[in-house]
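Architecture and fold: a report
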Amino acid sequence: MSFLPVATAWTGRFINERGPEYFYYVVHLIWLLAYFFLSDALANANREVAPERYQKIKAMPIYSTITRPYFWVIQVILLVAIYFFPPIELIFVMVEIYTIGNRTDKESDQLFND
């Protein structure tokens, strides 16, 4: 079962409480790490056999964003900021979705041209 709906519901109900926001942060962080490791494994599996697929995976907006050091610095800052202003995590996720969504082209899910 995914914790994302649970975390979202709990955070939505108690938006100004630290506990739900930290839980949402942890769920979001686990999702980011899982996405990174899965994408990295897929890219590395295609490095030799299909270099163009390797490049496409590495160039995906979300992958290129979460591999930059500043993104992880922001995550640490968020961890501290939640203590003082709990809704900051939800604001960050909304900005993240909007920004990455705008950087994604309509053919981003077309990894294979077969």
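Residues numbered from 1 in each chain as written. Predicted model: local features only at pLDDT ≥ 70, side-chain atom pairs only at ≥ 80, totals over all residues. Heavy atoms only, no water.

Things to note about the nonpolar core
Stated precisely, the cut-off is as follows: Here, nonpolar core means buried Ala, Val, Leu, Ile, Met, Phe, Trp, Tyr and Cys residues that are tied together by side-chain atoms lying within 4.5 Å of each other. Residue exposure (1.4 Å probe, protein chains only): buried if accessible area is under 20% of the type maximum, exposed if over 50%, otherwise partly exposed. Helix and strand labels come from DSSP, where a helix needs a run of H or I of at least four residues and a strand needs a run of E of at least two; each type is numbered from the N terminus.
Ranked by size, the top nonpolar core spans 9 residues in total: Y25, L32, I62, I66, F71, L78, I82, F92 and I100. Among the elements of the structure, α2 (18–46), α4 (61–66), α5 (69–84) and α6 (88–103) are those that each provide at least two residues to this core. Looking at which element gives the most residues to this core, the answer is α5, with 3 residues. In this structure, A7, Y24, V27 and V93 belong to the second largest nonpolar core, which totals 5 residues.

Brief notes about the packing of α5 against α6
Test applied: Inter-axis angles, ranging from 0 to 180 degrees, are taken between N-to-C directions of lines fitted to C-alpha atoms, where helices are fitted over the stretch in contact. By the definition adopted for this analysis, an angle is roughly parallel if under 35 degrees, roughly antiparallel if over 145, roughly perpendicular if from 65 to 115, and oblique otherwise. In this analysis, two residues are considered to be in contact whenever any of their non-hydrogen atoms come within 4.5 Å of each other. All residues other than Ala, Val, Leu, Ile, Met, Phe, Trp, Tyr, Cys, Pro, Asp, Glu, Lys and Arg, Gly among them, are scored as polar; the first ten of these are nonpolar and the last four charged.
Between α5 and α6, the shortest axis-to-axis distance is 9 Å and the interhelical angle comes to 150°. Between α5 and α6, the interaxial angle falls into the category roughly antiparallel. In this structure, α5 uses F71, I74, Q75, L78, A81 and I82 to contact α6, whose residues at the interface are I88, E89, F92 and E96. Across the contact of α5 with α6, the residue classes tally to 7 nonpolar, 1 polar and 2 charged.

Side note on the environment of L78
Secondary-structure assignment places L78 in helix α5. If we ignore the near neighbours within four places in the chain, the residues touching L78 are Y25, I88, E89 and F92.

Regarding a nonpolar patch on the surface
Condition: Patch rule: a residue counts if its relative accessible area is over 30% and it has no salt bridge; like charges are joined within 9 Å, and nonpolar side chains (Val, Leu, Ile, Met, Phe, Trp, Tyr) within 5 Å. Per-residue accessibility takes into account occlusion by the displayed protein chains alone, with areas from the Shrake-Rupley method and a 1.4 Å probe. Any Lys or Arg side-chain nitrogen located within 4 Å of an Asp or Glu carboxyl oxygen qualifies as a salt bridge.
A cluster of nonpolar side chains, contributed by L79, V80, Y83, F84, F85, I91, M94 and V95, occupies part of the molecular surface with about 810 Å² of accessible area. Listed by contribution, the elements that provide at least two residues to the nonpolar patch are α5 and α6. Per element, the largest residue contribution to the nonpolar patch is 4 residues, and it comes from α5. With respect to the helices, strands and loops of the structure, V95 is situated in helix α6. Overall, the relative accessible area of 47% leaves V95 in the partly exposed class.

A short note on the packing of aromatic side chains
Here is the rule we go by: Note on ring pairs: Phe, Tyr and Trp rings are taken, using the six-membered ring of Trp, and paired if centres are within 6.5 Å. Classes follow the plane angle, with under 30 degrees stacked, over 60 edge-to-face and the rest tilted.
One pass over the full model with this rule turns up 8 aromatic pairs. Ring geometry for F3 versus F23: centroids 5.9 Å apart, planes at 85°, classification edge-to-face. Linking F3 in the segment before α1 (4–13) with F23 in helix α2, this pair joins segments that are 20 residues apart in sequence. Judged by its relative accessible area of 27%, F23 is partly exposed. Measuring from ring centre to ring centre gives 5.7 Å for F36 and Y63, while their planes differ by 15°; the resulting arrangement is stacked.

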